[in-house]
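# Analysis of the macromolecular model
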Amino acid sequence: MNTRLVLTSAGGAAVALAAVVLAGIMSPPRRVEAQNRGNNDEDQLIRIGYEIAPVPLNLERKNGEQRRLVGLGSYIVNAQADCNGCHTGGAPPNFNYANNGNPYFLNQPLGTVTDPTTYLAGGSPFGPAVPSSASVGGFLPNSIPPSYPPAGYPTDPNTGFPYAGPGIVSRNLTPDKNGLPEGGHTLEQFKEIFRTGIDFDNIHPTCLSPTDPNVALGICIPPPVDGSKLQIMPWPAFHNMTDHQIEAIYEYLSVIPCIDNDFAPPPAGAPNELRNDCGDTASRHGAAVSRHDTQPNARR
Ligand code: HEC
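Residues numbered from 1 in each chain as written. Predicted model: local features only at pLDDT ≥ 70, side-chain atom pairs only at ≥ 80, totals over all residues.

## Remarks on the overall build of the protein
For the protein, the helix and strand inventory stands at eleven helices and zero strands. Moving toward the C terminus, one meets the helices and strands of the protein in the order α-α-α-α-α-α-α-α-α-α-α. A buried classification covers 31% of the 300 residues belonging to the protein. Partitioning the contacts of the protein with sequence separation of at least 6, the portion at a separation of at least 24 is 69%. (Helix = DSSP H or I, 4+ residues; strand = E, 2+ residues; numbered from the N terminus. Buried ≥ 20, exposed ≤ 12 C-beta atoms within 10 Å, placed from the backbone. Contact = placed C-beta atoms within 7 Å.)

Rendered as structure tokens:
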């Protein structure tokens, strides 16, 4: 047997072995296979998405393909990305949950119930993008930057520490009366937000210097924070989603009830980011409240 032959047959054995191993990996136990086969997998996510949407959905003008996107979008928003965990307009003690429906509390008669009256209406306060290092007793050794803000920024009268920029507040994601999601952004803009974190409203630009007039106004963020990017918002994770998934989220956000958030303090400066023109507010908002007030979330 010459060397070449040996190599070839060894190679053949390796290929055969790999095939057996691969077959093992690729054929899951039969029960899982039944629930989880190719395209049907998305059908399942769509079905769950419709089951768990915590508000009534306005599907009037949506065709079949758009309805599939809505279901998938609901699955991503409500089962995976927890958009409402941050974009709720609710405040303590229950934040995004309804009274008696807060799953983190003892003895909740309603189980888990999302509060439809604040759903994705924005207004949760997160504090500054980076706190003043003086306010937290200094940063860890080797941090870059070693302190914050850079030298020369004035004392913020609200905190008593050097100015570190405005508090970041989540935005209203509900559609306006025309059914355009989150402040009227187009699908293309929405994709760009998810891919790059760009803040099209530019409400907190980077401060150009400690004497930038935006410091006195309390709206700019000292460097090295890039104020042109959305802060806190997990776009560095979301930018890995597929176009199809981002489109699904956008479609879902166009069918949830409009909420004109006049109850949470808006971010500093800028026209009030939380207000929304719902047209006939009473009926759309009211419908959401009465239908789901006491209905536990599906699949608790
Ligand atoms: C960890 C909290 C958090 C989560 C989770 C989160 N967001 Fe955000 N999002 C924010 C904050 C805070 C802002 C505003 C950031 C700023 O002002 O710098 C924001 C901003 C946005 C904006 C920009 C709005 C505008 O008017 O330009 C969009 C769009 C958005 N979020 C959509 C979503 C969607 C959709 C999800 C779920 C898939 C989501 N967010 C999940 C915190 C979050």
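## With respect to the packing of helix H4 (residues 64-80) against helix H10 (residues 243-253)
Two elements in contact, H4 and H10, have axes whose closest approach is 7 Å; the angle formed by their N-to-C orientations is 95°. When the interaxial angle is binned, H4 and H10 end up roughly perpendicular. Counted together, Gln66, Leu69, Val70, Leu72, Gly73, Ser74, Ile76 and Val77 of H4 and Gln245, Glu247, Ala248, Ile249, Glu251 and Tyr252 of H10 form the full contact between these two elements. Among the residues making up the contact of H4 with H10, the classes are represented as eight nonpolar, four polar and two charged. (Axes fitted to C-alpha atoms, helices over the stretch in contact; angles between N-to-C directions. Parallel < 35°, antiparallel > 145°, perpendicular 65-115°, else oblique. Nonpolar A, V, L, I, M, F, W, Y, C, P; charged D, E, K, R; others polar.)

## Structural notes on the confidence of the model for the protein
The share of residues in the protein with pLDDT of 70 or more is 80%, and the mean pLDDT across the chain is 86. Segment residues 1-34: pLDDT under 50, and two contacts once partners within four positions in sequence are set aside and those in other chains are kept. Scored below 50 in pLDDT, residues 282-294 makes 21 contacts in the model with residues more than four places away or belonging to other chains. (pLDDT = per-residue confidence, 0-100.)

## Points about the environment of Cys278
Along the chain, the position of Cys278 falls in the loop between H10 and helix H11 (281-292). Along the primary structure Cys278 and Asp176 are separated by 102 residues, whereas in three dimensions their C-alpha atoms are 5.2 Å apart.

## Observations regarding the nonpolar core
Formed by 27 residues in total, the largest nonpolar core has its most connected members in Ile249 and Tyr252. Among the elements of the structure, H4, helix H7 (187-196) and H10 are those that each provide at least two residues to this core. Every residue in contact with Ile249, bar those within four places of it in the chain, is listed here: Gly73, Ile76 and Val77. Residues Ala129, Tyr148, Cys220 and Ile221 belong to the second largest nonpolar core, which totals 14 residues. (Core = buried A, V, L, I, M, F, W, Y, C linked by C-beta atoms within 7 Å.)

## Digging into the site of the ligand
Every one of the 24 residues lining the ligand counts as a neighbour, but Ala81, Cys83, Cys86, Ile232 and Met233 are closest to it. Of all the elements in the fold, those that place two or more residues in the shell around the ligand are helix H5 (83-87) and helix H6 (181-184). Looking at the shell around the ligand element by element, the count peaks at four residues for H5. Each residue belonging to the shell around the ligand can be placed in one class, and the counts come to 14 nonpolar, five polar and five charged. (Near = placed C-beta within 6 Å.)

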